[in-house]
Amino acid sequence: MTRLYFFGLHCSGLIALCASLPTSAFATEASPIEEIEASPVEEIIVTGSVKAVNKLESSISVNSITAENLQSLAPRSIAEAFRSLPGIRSESSGGGGNANITVRGIPLATGGSKYMQIHEDGLPVLEFGDINFANADNFVRLDTTVDRIESVRGGSASTLASNSPGGIINILSKTGQQHEGSLSTALGLDYREFRTEIETGGELNDEYYYYLGGHFRNGEGVRTTGFNGDNGGQLKFNLTKVLENGFLRFNFKNLNDQMTTYLPSPVKYLGGGKFGPLPDYNASTQTLANETTAHLTTFDAFGNPQARAMSDGISTKVTALGFELQQSLQGGITLNNKFRTSDISGGFIAPFTDGFAGGTTTVAAKGQALCEGASINKIAINCTQGVKATIAGATANPNQLAFTNLTFDTSFKDVGLTVNDLKLTKTFDNIEVTAGYYFSQQHINISWDSWAANTQTLSGTRAQNIQYEAINAGINSNGDAVNVLLTNNGALSQSFLAWNWDLEYTSTAPYINLSFTPTEQLSWDASLRFDRVQARGLRLDGCCGGNTSIDLNGNGSIGSYAISNGIFTRLDSDALLENAQATSAGFINGGVRVLNLANSSQQTPVNYNANNLSYSLGGTYLLSDTASVFARYSRGGRAIADRLTQVAGTLNTDGSLTATTDGYDNVNQLEAGYKFIGAQGDFFATYFNTAVDETNADITTTLSFVRAYKAQGIELEGSYELSDQLRLRGNATWTNASITSDKINPAVVGHTPRRQAAVIYTITPEYRTHQLMFGLSLQGSSAYFLGDNNQLKQQAYVITNAYANWNLSPSLALHISINNVTNEFVLTEAEETLAAVGDSIRGRPLSGRSSNLGLRYLF
């Protein structure tokens, strides 16, 4: 793909253009391209449609969140904003990114957004939203550049976009067609973060209008770390030329940002579906990444030492260029072409709690367990003299809780995407035909670097590395008893795991849509899409074996090493282990043997083509000027990307597909609904019935899934103006889902899929006057199981967010928002699926209470 280079947030060319823009007031009249503004009666949707459509007349389930409503939702990340969309389950417990997103009972067997694709301005952010560690939401940000967020659940998303059979969430940018100008500054009241945003846009002359905006932020984030892990920003620019019968728009985006991400960590099971913090650690307000353990030396997948910092979190670099051309041609043909090429790279580093199930673990107990598992030449060492635990040379508190920190450390060398979507539309009386061709090339060049394992104290403010030393546990060559170091300043191992993906997926899809309007009341459409994916590349595999020696302490000697039961040991005397042998990496007298995938003989080639046919048929009948009914049946496919290489039995040794998979998972969905849009409010109700195939792999549990699911339910959405000052908006989704087959674990057949609640909802009451606006956003869920075995459960909950906006003057406003007002402790996922009261398990909770104060100036 074309390589784009953009350093930081410097953009001399764009800044020069900005400097040339007029500073006087912009015209407020509509430009020659008329974009209808959303209202309670007329809401125009562009996502998942061959053309902009009226929400009432469309035969799909659609919804949008305006920029104004986004402010009232007070989201801390874009995934938190998605939670307010009907039918969408967005688990926003990972911080600014790394969210798990699905829709209408479609399962979340692992992470990311597999079946529901995230778009930005009508094109996918990534072709596959569940690339390991590179979730699509990692590469988008929420700021004042966003005009609105649209969602299409099911329906035509199957045929009007590739790899999105569950639906599409489309983040639409402002264009400057109407004057935009604002400066915003915000800061955390109970957490450290400063943020500033600026935007400007409007008409340059009768032929051009523009938009330029972005943000910068710096701080700790909503959970305590002790370092500025949320740091960076983005710049977006677009320029539109008005044509005689259309427009040409150029788009640019630069995102250079890092954000702390939150992985499962220790929480306490209180019983009855309730969870809470452990002594000295609250997973909803603190993290295991802190300033005392933030910096470490690791190795890339090819054995090269590298300095890493937990403060890097999810680091993201995106430079994207694109355009959109829409033109009415002779003969009644309309041309639309969208193109974007994105250079995307970055990384992911965060602490993941390893092996903390079944009760709390003290410093003393963990040291004893390490000793009892260690051996030299397969002979167990002597643990009867006890184990000494020290922190920075001082004796550790034996009763302090301790854990093993397995650092997830990956590098996104290239996950860039080039994509083009071309379509032509022709109208014949009451029949409209749209034909299109889609092309994309998705790179997946990701390295799972050495995942260091360390023993640390469990603390939310100052977790520290623990050095363990078994007293008189070994005998040296002179026959003297010597101590055995079980950890090297807390470090158990390097190179626990190292994999490297270098894959390329080229997708093409011709598609056609036929719309027919036989009467003013009735309309229907049918569409077909033929997707073809060409997958090429290689995965290099390594686990737990080292073939390169590194002298970490610089003493000129590597020495010898030993291992037993996954516990790596280092002794005080080289002679003690001079003849020891091991098959895995371990620390050796200040040195370490690390994996080098350049020498790896374990390879998984990827070399196959796969095809999939999708279709959709739907219709709408207008009951009146304010009400309609619709029905639709759709089948869509999702190509299985990098995770297919982790599912045993799916690839032959030459990289071709085996008979167990055709390379796609499919979603079949029936939906029918009622829509009402009145002067004082609106109401929408949709019934859905969904069947889903699933082929997937989970990295943390090493489980594979070859399954089928079914789900049915009802989506409700509405708003009502109770008075000139008081209005109520809300939505609720009831879902009944189950696992219908499982080739690997049949015992779960008939169970409710993990983390699938029967009811999810958002209710937003709001009061506003000319000068003041305040309200609440109540986001709730019924109880759900944390595992497919349907034993451990998270109880029902309501997260309350509050917000207020005070107009100090016509151009200056003060804004305050409080997320999770009641400081609820809620798990969205857990590594363990069974626990007794008082047990410690590994879970990922939603963030606790956070308050934000902002000032916005309009110009």
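Structural data are supplied above this passage.
Presented here is an overview of the structure given in this document.

What counts, and where the lines are drawn
Residues numbered from 1 in each chain as written. Predicted model: local features only at pLDDT ≥ 70, side-chain atom pairs only at ≥ 80, totals over all residues. Heavy atoms only, no water. Helix = DSSP H or I, 4+ residues; strand = E, 2+ residues; numbered from the N terminus. Buried < 20%, exposed > 50% of the residue type's maximum accessible area, 1.4 Å probe, protein only. Contact = heavy atoms within 4.5 Å. Areas by Shrake-Rupley, 256 points an atom, 1.4 Å probe, with all protein chains shown as cover. Pairing = 2+ DSSP bridges. Axes fitted to C-alpha atoms, helices over the stretch in contact; angles between N-to-C directions. Core = buried A, V, L, I, M, F, W, Y, C linked by side-chain atoms within 4.5 Å. Salt bridge = Lys/Arg side-chain N within 4 Å of Asp/Glu carboxyl O. 1 Å grid on protein atoms, 1.4 Å probe; cavity = no way out; pocket = protein on both sides within 12 Å on 5 of 7 lines; lining within 4 Å. Points joined across faces, edges and corners; volume = space filled by probe spheres on them. Nonpolar A, V, L, I, M, F, W, Y, C, P; charged D, E, K, R; others polar.

Bringing the overall build of the protein chain into the picture now. Along its length, the protein chain carries five helices and 55 strands. Scored against the burial criterion, the 859 residues of the protein chain give a buried share of 61%. Considering only contacts in the protein chain between residues 6 or more positions apart, those separated by 24 or more positions represent 71%. As displayed, the protein chain has an accessible area near 31800 Å², and 54% of this comes from carbon and sulfur atoms.

Another aspect to go through is the sheet that holds strand S54 (residues 840-845). The four strands lie next to each other as S18-S17-S54-S53, forming an open sheet whose pairing is antiparallel. Looking at which strands have only one partner, the edges of the open sheet turn out to be strand S18 (274-276) and strand S53 (827-830). Taking each pair of neighbouring strands and ignoring which way they run, the sheet shows an average axis angle of 55 degrees. Across three bridges, strand S17 (residues 265-271) lies against S18 in antiparallel orientation. Residue pairing across strands places Tyr269 opposite Phe275, the latter belonging to S18.

By the secondary structure assignment, Glu180 is in strand S12 (residues 180-188). Look past the residues within four positions of Glu180 in its chain and what remains in contact with it is Lys174, Glu199, Thr200, Gly201 and Tyr211.

The next point concerns the nonpolar core. Among the nonpolar cores identified, the biggest contains 71 residues, and Phe82, Phe139, Ile149, Tyr505 and Tyr608 are the most heavily contacted of them. The contacts of Phe139, once residues within four sequence positions are left out, are Val125, Leu126, Ala134, Lys253, Leu255, Thr316, Val318, Ile344, Phe412 and Val415. Leu458, Leu792, Leu827 and Leu846 belong to the second-largest nonpolar core, a separate cluster that totals 24 residues.

Here the focus is the sheet that holds strand S10 (residues 146-153). Taken in spatial order, the five strands make up an open sheet running S3-S10-S11-S6-S7, and their pairing is mixed. Unpaired on one side and paired on the other, strand S3 (61-66) and strand S7 (123-124) mark the two borders of the sheet. The sheet contact formed by S10 and strand S11 (residues 167-173) spans seven bridges and is antiparallel. Note on S11: the bridge partner recorded for Arg153 is Gly167.

Here we come to the environment of Ala380. Here Ala380 shows up in strand S24 (residues 379-380). Along the sequence, Ala380 and Ala473 sit 93 residues apart, while their C-alpha atoms lie 9.2 Å from each other.

A separate point is the pattern of salt bridges. Inspection of the entire model under this criterion finds 36 salt bridges. The residue Glu180 makes a salt bridge to Lys174 at a minimum N-O spacing of 3.7 Å. Each of Glu68, Arg727, Glu766 and Arg768 takes part in a single network of salt bridges with overlapping partners.

Under the counting rule described, the total for this entry stands at seven cavities of 30 Å³ or more. Considering the residues around the largest cavity, the lining is formed by 22 residues, among which Arg83, Arg89, Ser90, Ile760 and Tyr797 are closest to the centre. Those elements that provide at least two residues to the lining of the largest cavity are strand S4 (88-91), strand S46 (726-742), strand S47 (759-768) and strand S48 (772-781). Residue contributions to the lining of the largest cavity peak at four residues, all from S4. Of the residues contributing to the lining of the largest cavity, the split by class is nine nonpolar, nine polar and four charged.

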